[in-house]
Amino acid sequence: VIGVHLKDWHKAFEDYKQSVRLWYRPLSPRQQWFRAVFNFRQRFLHWLDPLYDPQKGEFHLDRAIEEANEKFGGLEYLHLFDWGNCGQYGRIYGRTGDYDPGEYWKGGWPAFEKAVREVQDRGVRVGFYIEGYLLEERGKLGQAHGKQWVMWGADGNPLYWPNSSELYACPWIPEWREVQTDTYRRMVQRMNADGMYLDEFGFGSSWRWCWNPNHGHTVPSNGLGSEGGLTRMVRQAMSEVSDHAVLYTEECPADINSQNQDGSFTYAMSGHRTSGSVVPLRLFRFAFPDFKCFEILICDQPTGTWAEGVRWTFFNGDGIWLEGAAEEWFAPQTLEAIRKCHAILREHRDAFTSDEVEPLVPTEHGGIFANRFSAPAKVVHTLYNSLWRSVEGEVLALPHQPGNAYYDAWNQAPLTPRVQGGVAHLRVRLEPRGVGCVAVRSGAAPGSGETQNRPTH
């Protein structure tokens, strides 16, 4: 649909959101608990700082909680990556008809289930990784069906993950869809999983088109159709056995496919570093506020000193994906930024999980941008200073009502506005390329006024 509009882009954006409401129907109810996840922690049983001791045959998932509480200011979600490894056969994930990872743990599935339950009992949700495309050819399924299910590239050669024995199985194949669907269903049911992951889905790139003429699809296939169909089947299967488990993918999908899942990871801030854009905005977040995203700043390598990326993520009111040993993969200033942003997001999670959000609302200073997040009796604005110098002055002008309480959530200090003509002019200080946060609460005393929303861990 192509249209013409006057004035700024907000009118076109609102028209788009209105048109989406005519057809957008999520397959399952969006989970409020998932929207309130801000620190999403990825850990491993066998890699980096492993949570499984093969010598003693012990799981130590509790270590992930202790580390996150100390270094990141807490976590709401623990994502287990390599639970599906099967020794010499590689990553199998216990897919239907293949090797069982439980046979490679001392105590088997009961021991793993017990360790996961202990984490959940402490108020932390737990989810599990499964590859959306890759099938290990050393496994039973790979040996039996790999040559028939494998995707072909444009050159007619089968597609493999680089330098590995994992092949790309075509999502159009009915038998492969059935395997994936049943595997997700069984895993959710067995583990009482809070969430499941479809890796590599969401990009919709031509690199994942299939040129194999034996699969019954057009040549080449289209990744949006193949991924959308398989994701829909998996989501429906999960709903059959759980009323709370969520499904997420590696990248934020096209709007029509986003109906089939609950959220995703995203590389939006990483892309912003080289995009030339003035403001680090992830617009999809404001078009579909109930679709949860977690920003991957740097994938499978240390985040290092990039604290600015953490602050950009906060500006969008998004969650963050955290991987790697805290003190080895994150510089002190980056850890400090994560703790600070997490505390504010948790403190005001009623606003940051609201459906009433608006990107780039007016400000009173050039180079300063603001996003608005509204909850009953409260409005929160995140601020971004795009300038290479500090700014101190009146940057927001908001409607004033008697009894309003104004609070600088970033600096943890009450604000006294200059009120004129029913408008409150708010003065704050922003560091160069820095962020801020202002909360306005109706009819409350100055201060954050959010003790009932503070995290319990």
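For the structure itself, consult the block above.
Undergrad: What should I look at first to understand the overall build of the protein in this one?
TA: Each helix and strand in the protein was counted, giving 14 helices and 21 strands. What you see for the protein is a C-alpha radius of gyration of 23 Å, in line with the 23 Å of a compact globule of 457 residues. C-alpha extents for the protein along the principal axes are approximately 75 × 55 × 40 Å. Relative to its 457 residues, the protein shows a buried fraction of 57%. Counting only contacts in the protein whose residues sit at least 6 apart along the sequence, the fraction spanning at least 24 positions is 72%. Summing over all exposed atoms, the protein offers an accessible surface of approximately 19,500 Å²; the carbon and sulfur share of this is 51%. A gap of 4 Å separates the mean positions of the 47 positive and 56 negative side-chain charges of the protein.

Undergrad: Looking at this structure, how should I read the sheet that holds strand E12 (residues 319-323)?
TA: Sheets are built from strands that pair by backbone hydrogen bonding, the pairs being arranged parallel or antiparallel. Pairing is parallel around the closed barrel formed by eight strands, whose spatial order is E1-E4-E5-E8-E9-E10-E11-E12. Between one strand axis and the next, the sheet turns through 25 degrees on average, direction left out of account. Here four bridges tie strand E10 (residues 263-266) to strand E11 (residues 292-295), and the two strands are oriented parallel to one another. Among the inter-strand pairings, Phe-265 is bridged to a residue of E11, identified as Phe-294.

Undergrad: Which parts of the structure should I look at to understand the pattern of salt bridges?
TA: When the charged atoms of two side chains with opposite charge come close together, those side chains can pair. All told, the structure shown has 29 salt bridges when counted by the stated rule. The partner of Arg-190 in a salt bridge is Glu-113, and the shortest N-O contact between them spans 3.9 Å. Placement of Arg-190 in helix H6 (residues 174-191) and of Glu-113 in helix H4 (residues 108-121) is noted, with a sequence separation of 77 residues between them. Of the charged contacts in the structure, one is a salt bridge between Lys-114 and Glu-118, with a shortest N-O distance of 2.6 Å. With a gap of four residues between them, Lys-114 and Glu-118 both fall in helix H4, about one helical turn apart. You can call Glu-118 partly exposed: its relative accessible area is 41%. Each of Arg-41, Arg-43, Asp-49 and Glu-67 takes part in a single network of salt bridges with overlapping partners.

Undergrad: Whenever I open this one, empty space enclosed by the protein confuses me. Can you help?
TA: The gaps of empty space that remain are located by a probe, the size of a water molecule, rolled over the atoms. Summed over all chains, the structure comprises seven cavities of 30 Å³ or more. Counted as a void, the largest cavity has a volume near 70 Å³. Counting residues per element, the ones that place at least two in the lining of the largest cavity are helix H11 (307-315), E12 and helix H13 (332-347). Examining the composition of the lining of the largest cavity, we find that four residues originate from one element, H13, more than from any other. Class assignment for the residues of the lining of the largest cavity results in seven nonpolar, four polar and one charged.

Parameters and conventions
- Residues numbered from 1 in each chain as written.
- Predicted model: local features only at pLDDT ≥ 70, side-chain atom pairs only at ≥ 80, totals over all residues.
- Heavy atoms only, no water.
- Helix = DSSP H or I, 4+ residues; strand = E, 2+ residues; numbered from the N terminus.
- Rg over C-alpha atoms; globule rule 2.2 N^0.38 Å.
- Buried < 20%, exposed > 50% of the residue type's maximum accessible area, 1.4 Å probe, protein only.
- Contact = heavy atoms within 4.5 Å.
- Areas by Shrake-Rupley, 256 points an atom, 1.4 Å probe, with all protein chains shown as cover.
- Lys, Arg positive; Asp, Glu negative; His and termini not counted.
- Charge placed at Lys NZ, Arg CZ, Asp CG, Glu CD.
- Pairing = 2+ DSSP bridges.
- Axes fitted to C-alpha atoms, helices over the stretch in contact; angles between N-to-C directions.
- Salt bridge = Lys/Arg side-chain N within 4 Å of Asp/Glu carboxyl O.
- 1 Å grid on protein atoms, 1.4 Å probe; cavity = no way out; pocket = protein on both sides within 12 Å on 5 of 7 lines; lining within 4 Å.
- Points joined across faces, edges and corners; volume = space filled by probe spheres on them.
- Nonpolar A, V, L, I, M, F, W, Y, C, P; charged D, E, K, R; others polar.

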